[in-house]
Each structure stands twice: as structure tokens, then as C-alpha cells.
Amino acid sequence: MAPMAASPEIDPALVRAAQHGDRMAQGELMDALIPFLGRICGPIALQDGPDAVQEVLIAIFRNLGQLRDPAAIFGWARAIAVREAVRVARQAARATVGELADVPAPGDPQLAADVADVLGRLTPEHRAVLVLRDLDGLSEREAGALLAVPGGTVRSRLLRARRAFRKAWGQ
Amino acid sequence: MNQQWPVADLDPVRRLRVIAATTPGVIYAEQHIPAPFGEVWAVASDLENELPRIVADVRTFKITASAGERLQGRARSRLGLRARFDVVLRPGWCLMQNRFLIFGMAAVPEDGGTRFAGLGALRVPGASLLAPVNRLLLTHQLGHGAIDRLADRARSR
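Residues numbered from 1 in each chain as written. Chains lettered and ligands numbered in written order. Predicted model: local features only at pLDDT ≥ 70, side-chain atom pairs only at ≥ 80, totals over all residues.

**Student:** How would you sum up helix α7 (residues 140-147) of chain A? Please name residues and give values.
**Tutor:** Residue and element names in this part refer to chain A. When we look at burial in α7, the residues that qualify are Ala-143, Gly-144 and Leu-146. Along the axis of α7, the buried residues cluster in a sector spanning 160°; they form a single face. Positive phi appears at Ala-148, one or two residues downstream of α7, with a value of about 60°. (Buried ≥ 20, exposed ≤ 12 C-beta atoms within 10 Å, placed from the backbone. Helix = DSSP H or I, 4+ residues; strand = E, 2+ residues; numbered from the N terminus. Arc of directions from axis to C-beta.)

Rendered as C-alpha cells:
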């Protein structure tokens, strides 16, 4: 999987202005954050991705005053995004339990190499690991810290998630 | 393959919900308008004609500068007071503010019609403590049924 694009540069003055209640700055900051958050929340929350992005942005702007270093905003936003996306996906109760036996055999016309279809057969927690490790390029330790689980749990979830994809694509 | 990964987006109405949820003392309304998005937004985005109809105290509103989606406008109140507004205007989204006031509109197509949202807030210190007073003032300013009236004008076009 290709690593996720690097976090965009953000003008620290824009973050400071948003912290002081400038709603035009908040709007501009949202424009910059939404593509970044959408790439995290989409694969984890799937059809509930827009709900997740909305909740993430509310959490970000309610707590923006706590962010001391504007340059850290994307790392900070990533942590909130993963947590909220997993919560929204679980709350929606649409996630199926991640059993690899559920993954269709290669060639199944229903699958049609649809990434969203394979992701939908994993739990939100497995999807979160996949996003952080394979899409976002975080280390096991970093991913574990964000998800509040040990590195070993990250490793085992990642193995299961990757195996699901290998099975789906018949590799 | 990376292109196939699902990416979530946030439409303009959801964006305005975020502003509403994080702005103290805000008034916010959202409703379905049974008219196509294009017709509704043609009315809503006509700020020079529409703003005086939506905001009770605004007598005139003139666009004084524009650069892409960024505009500047000058509002004149019924008492003759002037206020300069910064504005971002693009299809389905309008957000404007000056030192004292924030005003926003958002719209998306929905079931053959339009979901329309409007927002107003005062930018004053202690806005969260004064929220009930602010809401009273803003409700007077924006008036009840502002979205209904806008919908009527969209339908009559």
C-alpha cells in the first residue's frame, strides 16, 4: 500500500487566529484538515465516515485552545480522528466481527477487488491499525500509543488485516 | 490501489454544524426546502439583495472587493452605522464575520430539494455566559422564519 501523503503545511498564524475565535480562520483550517481527516476516517468508519469527520472537527475546535504548538496540529488531529472514527463505527453497530472466514474467495464477483468491501469485513480496531501502519506509515509503537494498546496487539491486528486483503486479492 | 481507499468528505451543511457546535451563544437552524439547490443558492448567494431581507438591522449591503471566493462587504444599519465584513462565498457555503458578528449559510442538494442551514452569533467577550441574551438579540436580528422567506423567494424565481 502506498504511504499516505505527508501532512500539509499549515500557517501557525491561522491556528492562533482560530484559537482566538476567528471563525473565518476556523473555516480555512477546516478546509485544510478535512482531506487529511477524510483519509483516516473513511477507511475506519466507512459509510459513517462523514459523521466521524464531523465529530472529529467538533472535538478539535472545542479543544483547540489546549494545542500549544500549532505545528503539531496534524499529529494531534490524527489521534482524535482515529479515536472518534473507531467510536463512531462501533456506535453505528454496522461493523461485522473481523473473521477472516467471512472474506470471500478470490474471484468472487461480489468482491470485485473493492477495498471498502474488504475493510467492511474487519472490525473498526483492525481498520484503524491498517490505516495507521500501512496508509499513514506509523511505527507499531506509535500506532499502539494512539490506540492505547500494546505493540503486540498492533502487530497481531495488522497481520490479520493484511491477511484479509491477501486472501481477497488471491495473492 | 491507494486511490480506491474510501475517503470521507464533509459537505457544507455538516461544516456549518461544526461551526455551530463550537461557537458560544450561537443560533442555528436547518431545514429542507422543496426547491432545487441551484435556485435556492442563486437567491441565498445574492448577498447585496438578500442580506437586508434576512438580517433585520441591515438596510444595505454592498460588496466592496472580491478575490476569488473571498469578498469584502460593507453593511449599513437602519441607524446609519457602517460595518465591514470579511466574506467567503462559494457554491453551498457562505461565512462572514466582522468584529462583532458571525453569519453563515450552507446548502446541499437533498431528495430533489435542498437542505439549507443558517447560523448567527455575536463575537463578544463572555459570549458563552451571555448566550441567552445573545440568542434573544440574534433572533430579533435574524427574525423568525428567515429560511421560509428565503425558500419562498427561491420558489418564486
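**Student:** Requested: an account of unusual backbone geometry, with residues and values cited.
**Tutor:** Although it is not a glycine, Leu-46 of chain A adopts a positive phi angle of roughly 50°. Checked against the element boundaries, Leu-46 of chain A lands in the loop between α2 (23-45) and α3 (49-62). Residue Asp-111 of chain B is not a glycine yet carries a positive backbone phi of 50°.

**Student:** Give me the lowdown on the interface of chain A and chain B, citing residues and values where you can.
**Tutor:** The partner chain B presents 23 residues to the 28 residues of chain A that form the contact. Listing elements by their share of the side of chain A that touches chain B, those giving two or more residues are α2, α3 and α5 (115-119) of chain A. Considering every element that reaches the side of chain A that touches chain B, the biggest residue donor is α2 of chain A, with 12 residues. Here the side of chain A that touches chain B is composed, by residue class, of 18 nonpolar, 7 polar and 3 charged. (Contact = placed C-beta atoms within 7 Å. Nonpolar A, V, L, I, M, F, W, Y, C, P; charged D, E, K, R; others polar.)

**Student:** If you had to explain the domain arrangement of chain A to someone new, which residues and values would you point to?
**Tutor:** Interfaces are frequently sized by the accessible area removed from exposure as the parts join. Residue and element names in this part refer to chain A. When its domains are assigned, chain A resolves into domain 1 (10-94) and domain 2 (95-171). Between domain 1 and domain 2, the residue contacts involve 11 residues of the former and 14 residues of the latter. Residue assignment for the side of domain 1 that touches domain 2 shows that the elements contributing at least two residues are α2 and α4 (73-91). Broken down by element, the side of domain 1 that touches domain 2 gets its largest block of residues, 6 residues, from α4. Of the residues contributing to the side of domain 1 that touches domain 2, the split by class is 9 nonpolar, no polar and 2 charged. (Domains from an automatic or database assignment.)

**Student:** Before we move on, can you summarise the sheet that holds strand β3 (residues 70-77) of chain B with the specific residues and values?
**Tutor:** Strand pairing in a sheet relies on backbone hydrogen bonds. The paired strands run either parallel or antiparallel. Residues and elements named next belong to chain B. The strand order across the open sheet built from 7 strands is β1-β7-β6-β5-β4-β3-β2, with neighbouring strands paired in antiparallel fashion. Either end of the sheet is taken by a strand with one partner, and the two such strands are β1 (27-33) and β2 (58-67). Adjacent strand axes in the sheet meet at a mean angle of 20° when their direction is disregarded. The sheet contacts of helix α1 (residues 12-21) involve β1, β5 (93-97), β6 (101-110) and β7 (113-122), and relative to β6 the element is tilted by about 150°. Running at roughly 165° to β6, helix α2 (residues 37-44) makes contact with β1, β6 and β7 of the sheet. (Pairing = 2+ DSSP bridges. Axes fitted to C-alpha atoms, helices over the stretch in contact; angles between N-to-C directions.)

**Student:** Could you give an account of the packing of α3 of chain A against α1 of chain B, naming the residues involved and the relevant values?
**Tutor:** Between α3 of chain A and α1 of chain B, whose axes approach to 9 Å, the crossing angle comes to 30°. The angle between the axes of α3 of chain A and α1 of chain B places the two elements in the roughly parallel class. The two elements α3 of chain A and α1 of chain B meet at a crossing, and its hand is right-handed. Contacts from Pro-50, Gln-54, Leu-57, Ile-58 and Phe-61 of chain A in α3 of chain A reach Arg-14, Arg-17, Val-18 and Ala-21 of chain B in α1 of chain B. Its residues placed into classes, the contact of α3 of chain A with α1 of chain B shows 6 nonpolar, 1 polar and 2 charged. (Parallel < 35°, antiparallel > 145°, perpendicular 65-115°, else oblique. Left-handed = near helix turned anticlockwise from the far one by under 90°.)

**Student:** So what's going on with the packing of helix α6 (residues 124-135) of chain A against α7 of chain A? Which residues, and what values?
**Tutor:** All names here are of chain A. Running from amino to carboxyl end, α6 crosses α7 at an angle of 140°, the nearest separation of the two axes being 9 Å. What the angle tells us is that α6 and α7 run oblique. Read as a crossing pair, α6 and α7 show a hand that is right-handed. Residue-level inspection shows Ala-128, Val-129, Leu-132 and Arg-133 of α6 in contact with α7, the latter providing Ala-143, Leu-146 and Leu-147. For the contact of α6 with α7, the residue count by class is 6 nonpolar, no polar and 1 charged.

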